[in-house]
Amino acid sequence: MIIHAALIAHRGQEELIGALLRVNSDRLHVLFVGRGESEDALRLLVAGTGLQRKAHFAGYVASAELMSAYAAADCAFVGRVGNDASARAALEAMACGLPVIAPNTDALGEMIDSSIGYPMTELSPTTVASAIAQWLEDPGASSRGKAAREWVENNRVFSR
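Remember, predicted model here, so these are calculated numbers, not experimental data.

Trainee: Where do I start with the packing of aromatic side chains in this structure?
Mentor: Two aromatic rings are characterised by how far apart their centres lie and by the angle between their planes. Scanning all chains against the criterion turns up 1 aromatic pair. Note on Phe32 and Phe57: the rings are 5.2 Å apart at their centroids and 20° apart in plane angle, and the pair reads as stacked. Of this pair, Phe32 sits in strand β2 (residues 30–33) while Phe57 is found in strand β3 (residues 55–59), placing the two residues 25 residues apart along the sequence. For Phe32, a relative accessible area of 0% corresponds to the buried category. Between the NZ or CZ atom of Arg27 and the centre of the ring of Trp135, over which it lies, the distance is 5.9 Å. When the ring centre of Phe57 is taken as origin, the NZ or CZ atom of Arg43, which lies over that ring, is 4.3 Å away.

Trainee: Explain the environment of Pro103 here, please?
Mentor: The residue Pro103 is located in strand β5 (residues 100–103) in this model. For Pro103, a relative accessible area of 5% translates into the label buried. Separated by 19 residues in sequence, Pro103 and Glu122 place their C-alpha atoms 5.6 Å apart.

Trainee: Looking at this structure, how should I read the environment of Ser124?
Mentor: In this fold, Ser124 is placed in the loop between β6 (117–120) and α6 (125–137). Ser124 sits 28 residues away from Cys96 along the chain, and the two C-alpha atoms are 26 Å apart.

Trainee: Sorry, what's going on with the pairing of β5 here?
Mentor: Here is the key point about a regular strand: its side chains alternate between the two faces of the sheet. Here β5 shows no split at all, with Val100 and Ala102 on one side and Ile101 and Pro103 on the other all buried. As judged from the 2 bridges shared by strand β4 (residues 75–77) and β5, these two strands associate in the parallel manner. Counted as the bridge partner of Ala76 is Val100 from β5. Two elements, β5 and β6, share 4 bridges in a ladder whose sense is parallel. Each bridged residue has a counterpart across the sheet, and for Ile101 the counterpart in β6 is Tyr118. As a crossover connection, the stretch from β5 through helix α5 (residues 106–111) into β6 is right-handed.

Trainee: Is there a simple way to think about the confidence of the model for the protein in this case?
Mentor: Regions with low pLDDT carry predicted coordinates that are not meant to be interpreted in detail. Summing up the model confidence of the protein, the mean pLDDT is 91 and the portion of residues at 70 or higher is 96%. The least confident element of the protein, judged by mean pLDDT, is α5 at 87; the most confident is α6 at 97.

Trainee: So what exactly am I meant to see when it comes to the pattern of salt bridges here?
Mentor: One side chain can pair with another of opposite charge once the charged atoms of both are near each other. Scanning the entire structure with this criterion turns up 5 salt bridges. One salt bridge in this structure joins Arg43 and Glu39, with 3.1 Å as the shortest N-O distance. Placement of the pair is Arg43 and Glu39 together in helix α2 (residues 39–49), with a separation of 4 residues, close to one helical turn. Salt-bridge contacts for Asp138 lead to Arg144; the nearest nitrogen and oxygen are separated by 2.9 Å.

Trainee: Got a minute to help me understand the sheet that holds β5 in this structure?
Mentor: Sheet strands pair via backbone hydrogen bonds, and the direction of the pair is either parallel or antiparallel. Taken in spatial order, the 6 strands of this open sheet run β3-β2-β1-β4-β5-β6, and their pairing is parallel. Here the strands that pair on one side only, and so sit at the sheet edges, are β3 and β6. Averaged over all pairs of adjacent strands, the angle between strand axes in this sheet comes to 25°, irrespective of strand direction.

Trainee: Just checking my understanding: could you explain the side chain of Ser25 for this structure?
Mentor: Within the element layout of this structure, Ser25 appears in the loop between α1 (13–22) and β2. Of the residues examined, Ser25 reaches a relative accessible area of 14% and is grouped as buried. Here Ser25 is in contact with Lys54 and Leu136, once residues within four sequence places are set aside.

Trainee: Would you mind showing me how to read the packing of α1 against α6 here?
Mentor: How two helices pack is summed up by the angle between their axes together with the distance between the axes. Between α1 and α6, the least distance of the axes is 8 Å, while the angle of their chain directions is 60°. If you check the angle between α1 and α6, you find them oblique. With respect to the hand of their crossing, α1 and α6 are arranged in right-handed fashion. Contacts from Glu15, Leu16, Gly18, Ala19 and Arg22 in α1 reach Pro125, Thr126, Val128, Ala129 and Ile132 in α6. Here the contact of α1 with α6 is built from residues that sort into 6 nonpolar, 2 polar and 2 charged.

Rules used in this analysis
Residues numbered from 1 in each chain as written. Predicted model: local features only at pLDDT ≥ 70, side-chain atom pairs only at ≥ 80, totals over all residues. Heavy atoms only, no water. Phe/Tyr/Trp six-rings, centres within 6.5 Å; stacked < 30°, edge-to-face > 60°. Helix = DSSP H or I, 4+ residues; strand = E, 2+ residues; numbered from the N terminus. Buried < 20%, exposed > 50% of the residue type's maximum accessible area, 1.4 Å probe, protein only. Lys NZ or Arg CZ within 6 Å of the ring centre and 35° of its normal. Pairing = 2+ DSSP bridges. Right-handed = clockwise from strand over helix to strand, strands pointing away. pLDDT = per-residue confidence, 0-100. Salt bridge = Lys/Arg side-chain N within 4 Å of Asp/Glu carboxyl O. Axes fitted to C-alpha atoms, helices over the stretch in contact; angles between N-to-C directions. Contact = heavy atoms within 4.5 Å. Parallel < 35°, antiparallel > 145°, perpendicular 65-115°, else oblique. Left-handed = near helix turned anticlockwise from the far one by under 90°. Nonpolar A, V, L, I, M, F, W, Y, C, P; charged D, E, K, R; others polar.

As structure tokens, this is what we get:
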């Protein structure tokens, strides 16, 4: 299962739904976590494409529940950084040991490489589908997740 946190507009949700239409795998499910201005439109898009059995909405979850959602996932998708150019969703996923599918631009491009995730050259349904297929076929996906967690620890991203 792929997790996508924060349903803020223009963060790649539409491209992710387009990718779901292109990748045929019983293992592939997406969990959208959070609330945001694009949630209603995204729910309509999912319903209109018939992906209700593949795309799931958790709504807003508190900190402990968010960690449980990350723990239930196998990979994370982050389409764009936030409006403050932060990559918090990617860092949270990496801290939880998940490899990240993300475009190699902005802050995401500085963090996500092929040792810890699945970088994309652009954000389009086709490139997202390709990255998802690569993740699904990768026997070393969990090793990338472990490397992602180590990256967060080594760079002391979340200090106490």
